[in-house]
Number of protein chains: 2
Amino acid sequence: VPKDTQPRAPRAVGVIGGGQLARMLAEAASELGVHLVALCANGDDAAAATATRTIVGGPSDPRAVRELAGSVDALTLDHELVDLELLDELVAEGVAVRPSPAAVRFAARKDHQRAALSAAGVPVPRFAVVDGADDGAFDAFCAGLDGPPVVKAARGGYDGRGVVVPATLEAARDAVRELRQFSPVVLEERLDLLGELSVLVVTGADGQRRHWPVVRTIQRDSMCAEVLFPSGLAEDVERDALEVAERVADLVGAVGVLAVELFVTARGVLVNEVATRPHNSGHWTIEGAVTSQFENHLRAVLGLPLGSTEPTAAAAVMVNVVGSARPGDLAAALALEGVHVHDYGKPWRPGRKLGHVTVLGGDPERARVRAWEGAEALGTSLAKEPG
Amino acid sequence: VPKDTQPRAPRAVGVIGGGQLARMLAEAASELGVHLVALCANGDDAAAATATRTIVGGPSDPRAVRELAGSVDALTLDHELVDLELLDELVAEGVAVRPSPAAVRFAARKDHQRAALSAAGVPVPRFAVVDGADDGAFDAFCAGLDGPPVVKAARGGYDGRGVVVPATLEAARDAVRELRQFSPVVLEERLDLLGELSVLVVTGADGQRRHWPVVRTIQRDSMCAEVLFPSGLAEDVERDALEVAERVADLVGAVGVLAVELFVTARGVLVNEVATRPHNSGHWTIEGAVTSQFENHLRAVLGLPLGSTEPTAAAAVMVNVVGSARPGDLAAALALEGVHVHDYGKPWRPGRKLGHVTVLGGDPERARVRAWEGAEALGTSLAKEPG
């Protein structure tokens, strides 16, 4: 090493999980000169091609998680199906785990989360935590409803998995029996929705807080199909959504990005889901905001100042690419002016989230049409309009 | 492998070279789901942390270059100091080398380039190719000048290396003797510059062509210090610059990004340098254009449609971060609203290009002030104003 060369120790973040969120964290890390080490269940996970280094191992494998923790400045995660007790141990040993296991636990355990939000006066759907289908709690809760409840596994669900919307009370009972085998069960009233919103906030290690603009999310087949900025909803609804999201963020206390998904109903906004990580409803921020959710998550996790969350265009539309009967055509998508393609490099499979497209513009409806053209060229299985 | 899983063969590009250009190509490749394999001279080159895969070897090592060519759909390069005869062999064997060795040779060999451009009527500075300092050609050329000529190595120079601006005719003679040892030598008239411009064009494999807006470049210590969009120069100067760049692109015939650097003088724009690859004067396009130079280079190399080169803001300023006496402070730079930091992850060393910052905005001068604040926080050694 020549005398005038003084290697800088690059900052390094470890992420438990190797999916598309970890991959997009790695893309943001590269720009900042940050090393991103991904703990991937498989060597060909989405993040493996892009991370600085990959450790192959399960998210609850103590050896692999400890190897990851030992090689980075801070640990974060791209999903909640992690061993929180192991993370507690690491925190006790001085590892910077951001968000903290306590924050992840708060958000990821729906029984606890619903009870805590409700106790704090944050609006949530009417709910009950039940031990089984045959106890009095099930009957008592359902007696107060107009129809059968939505049945949710309190732990381990994502992208609609672990959520059942039964047609009859008997089907609800069956769903509780099924889900109860691996998780506590939460019953919720079925709501008439005026729409769904998402608010992403980011909290720095020093407590500073920023939020991106409120977006509207549109679901198909229990998956997020598209995300619209601006939301198109009334200003007071957006204001309520931001206020609720800030209160949830205060309660959860997560360093990094927190996604708060909200139902819009006749009686106001209600919290649907909470995630302590970058979120599908924030992918549009890669092009659509001065600082993306991925860059700000890294900044927060590393204790760096947060960046501006201002939008870069009047309108942005993100549409997911979900595997259909046959793979799509990248060249056809790229031929569409203004379509930003994000391909997660995952093996094609029907029903799987394979990528997304984002279109910015001055006109929301034109951006939306173009974004759907892009997603359709890439072969998405979801339809623009339901039916 | 389950029956419904049908792995897509990911598109793969190989790049000869592992510097920051290869690193930023890898960042763009990740978004598109393209594999980027980098041939790095050292395992800790800038691109190694970000490329899908790294092959360690020199750019003229036949074994390493052939290994690279054998594992990708197309081959490109991040610098011109490559073995063009080896690339000729690969082309003859059917490898897609983009840009072609002929195009790289045209651009990189300044003696040939100057003669060919001049013969085609493209405006260049007055020049002469000389064999030595003591032949008649040196004296004949210098006799027609007001002062000593600029002396350039025809091959192998970059970032001011291989370019000498001597104070006296005797110093010019010495410079010729020095450079003649390893390269043919080009003498050029020293010009009174009104400014310097750069035009980046990209040519698809099918011949389609796009250009990004003309930018102004400002040099310090023979290195690019900053790049300004808009250029601030008169419309007719920009029009001439675009026209000259298109003519150069037609002559060079390079698939991918071509950078044409131009002198602005009292007698019009003159071609200074030509590079058949993404270029420092195009880093601003990562945030400042709908499609960056890196993404469009990959699209061209892979035979995909080109993306829009429209700017995303009214103004964009890029400032290079060049290593100074001590490393800079990432946190201080990120605390500056609107500063996009690009850190190439290279070991800190005085005089070395370590990264750049880009600031977009509505007001060119405010963006410029902010960009310099960012670069200074990161410890750049270059001064905003010459001094």
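Residues numbered from 1 in each chain as written. Chains lettered and ligands numbered in written order. Predicted model: local features only at pLDDT ≥ 70, side-chain atom pairs only at ≥ 80, totals over all residues. Heavy atoms only, no water.

Draft legend 1. Region of the structure containing the sheet that holds strand β6 (residues 150-153) of chain B. Residues and elements named next belong to chain B. One open sheet accounts for four strands, arranged β5-β8-β6-β7; its pairing is antiparallel. Whereas interior strands pair on both sides, the edge strands pair on one side only; in this sheet they are β5 (127-130) and β7 (163-164). Both β6 and strand β8 (residues 185-188) contribute to a ladder of four bridges, which runs antiparallel. By the bridge assignment, Lys 152 is partnered in β8 with Val 186. Docked against the sheet, helix α7 (residues 169-180) engages β5, β6, β7 and β8, running at close to 0° with respect to β6. (Pairing = 2+ DSSP bridges. Helix = DSSP H or I, 4+ residues; strand = E, 2+ residues; numbered from the N terminus. Contact = heavy atoms within 4.5 Å. Axes fitted to C-alpha atoms, helices over the stretch in contact; angles between N-to-C directions.)

Draft legend 2. Structural context of the sheet that holds strand β7 (residues 163-164) of chain A. Residue and element names in this part refer to chain A. Taken in spatial order, the four strands make up an open sheet running β5-β8-β6-β7, and their pairing is antiparallel. Of all strands in the sheet, those bounded by a partner on one side alone are β5 (127-130) and β7. Bridge count for strand β6 (residues 150-153) against β7 is two bridges, and the pairing is antiparallel. Bridge assignment links Val 151 to a residue of β7, and that residue is Val 164. The strands touched by helix α7 (residues 169-180) within the sheet are β5, β6, β7 and β8 (185-188), with β6 carrying the most contacts at an inclination of about 0°.

Draft legend 3. A look at the pattern of salt bridges. Using the criterion set out here, one finds 51 salt bridges over all chains in the structure. Here Arg 114 of chain A makes a salt bridge to Glu 188 of chain A, at a shortest N to O gap of 2.6 Å. A residue pair is termed long-range when its members are at least 10 positions apart, and Arg 114 of chain A in helix α5 (residues 110-119) and Glu 188 of chain A in strand β8 qualify at 74 residues. By the burial criterion, Arg 114 of chain A is buried, and Glu 188 of chain A matches it. In this structure, the salt-bridge partner of Glu 189 of chain B is Arg 267 of chain B, at a minimum N-O distance of 2.5 Å. Highlighted residues: Glu 189 of chain B in the loop between β8 and β9 (195-203) and Arg 267 of chain B in the loop between β13 (256-265) and β14 (268-275), separated in sequence by 78 residues. (Salt bridge = Lys/Arg side-chain N within 4 Å of Asp/Glu carboxyl O. Buried < 20%, exposed > 50% of the residue type's maximum accessible area, 1.4 Å probe, protein only.)

Draft legend 4. Seen up close, the packing of aromatic side chains. Residues and elements named next belong to chain A. A complete count under the given rule lists two aromatic pairs over all chains for this structure. Summarising the aromatic geometry, the rings of Phe 229 and Trp 284 are spaced 5.1 Å apart at their centres and angled 15° between planes, so their arrangement reads as stacked. Of this pair, Phe 229 sits in strand β12 (residues 223-229) while Trp 284 sits in the loop between β14 (268-275) and α9 (285-288), placing them 55 residues apart in sequence. Given the relative accessible area of 11%, Phe 229 is considered buried. Residue Trp 284 is classed as buried on the basis of its relative accessible area of 2%. (Phe/Tyr/Trp six-rings, centres within 6.5 Å; stacked < 30°, edge-to-face > 60°.)

Draft legend 5. Molecular detail of the environment of Leu 90 of chain A. All names here are of chain A. Checked against the element boundaries, Leu 90 lands in helix α3 (residues 84-92). Classification of Leu 90 by relative accessible area gives buried; the value is 2%. Contact partners of Leu 90, with chain neighbours within four places excluded, come to Val 65, Arg 66, Ala 69, Leu 75, Val 95 and Val 97.

Draft legend 6. Representation of helix α4 (residues 101-108) of chain A in the model. Looking at α4 of chain A, one finds that the buried residues are Pro 101, Ala 103, Val 104, Phe 106 and Ala 107 of chain A. Each element contacted by the buried residues of α4 of chain A is listed here: β4 (74-77), α3, α5, α8 (235-252) and β14 of chain A.

Draft legend 7. The arrangement of the packing of helix α1 (residues 20-32) of chain A against helix α10 (residues 293-301) of chain A in detail. Residues and elements named next belong to chain A. At a closest axis distance of 8 Å, the pairing of α1 and α10 adopts a crossing angle of 70°. Relative to α10, the element α1 is oriented roughly perpendicular. Between α1 and α10, the residues in contact are Leu 21, Met 24, Leu 25, Ala 28, Ala 29 and Leu 32 and Phe 294, Glu 295, His 297 and Leu 298, respectively. Residues of the contact of α1 with α10, tallied by class, amount to eight nonpolar, one polar and one charged. (Parallel < 35°, antiparallel > 145°, perpendicular 65-115°, else oblique. Nonpolar A, V, L, I, M, F, W, Y, C, P; charged D, E, K, R; others polar.)

Draft legend 8. Representation of the interface of chain B and chain A in the model. Counting residues at the interface gives 45 residues for chain B, matched by 45 residues for chain A. Together chain B and chain A conceal approximately 4000 Å² of surface at their shared face, both sides included; 50% is due to carbon and sulfur atoms. Scanning the region where chain B abuts chain A turns up two salt bridges. Measuring nitrogen to oxygen at the nearest pair gives 2.9 Å for the salt bridge that ties Glu 337 of chain A to Arg 210 of chain B. Applying the counting rule to chain B against chain A returns 16 residue pairs in polar contact (both at pLDDT 80 or more). For the side of chain B that touches chain A, the elements supplying multiple residues, two or more each, are α1 (20-32), α9 (285-288), α10 (293-301), α11 (330-334) and β16 (340-343) of chain B. With five residues, α1 of chain B is the single largest residue contributor to the side of chain B that touches chain A. (Buried area = accessible area lost by both parts, 1.4 Å probe. Polar contact = N/O pair within 3.5 Å; in protein donor to acceptor, adjacent residues only side chain to side chain.)

Draft legend 9. Fine view of the environment of Ala 171 of chain A. Residues and elements named next belong to chain A. Mapping Ala 171 onto the fold places it in helix α7. You can call Ala 171 partly exposed: its relative accessible area is 30%. Through-space distance from the C-alpha of Ala 171 to that of Leu 84 is 33 Å; in sequence the pair is 87 residues apart.

Draft legend 10. Structural context of the relation of the copies chain B and chain A. It takes a turn of 180° to lay chain B on chain A, together with a shift of 0.0 Å along the axis; the resulting RMSD is 0.0 Å. As the rotation angle and translation indicate, the two copies are arranged about a two-fold axis. Both copies present the same face, since 100% of the interface residues in chain B are matched by interface residues at the equivalent positions in chain A. (Least-squares fit on C-alpha atoms with pLDDT ≥ 70 in both.)

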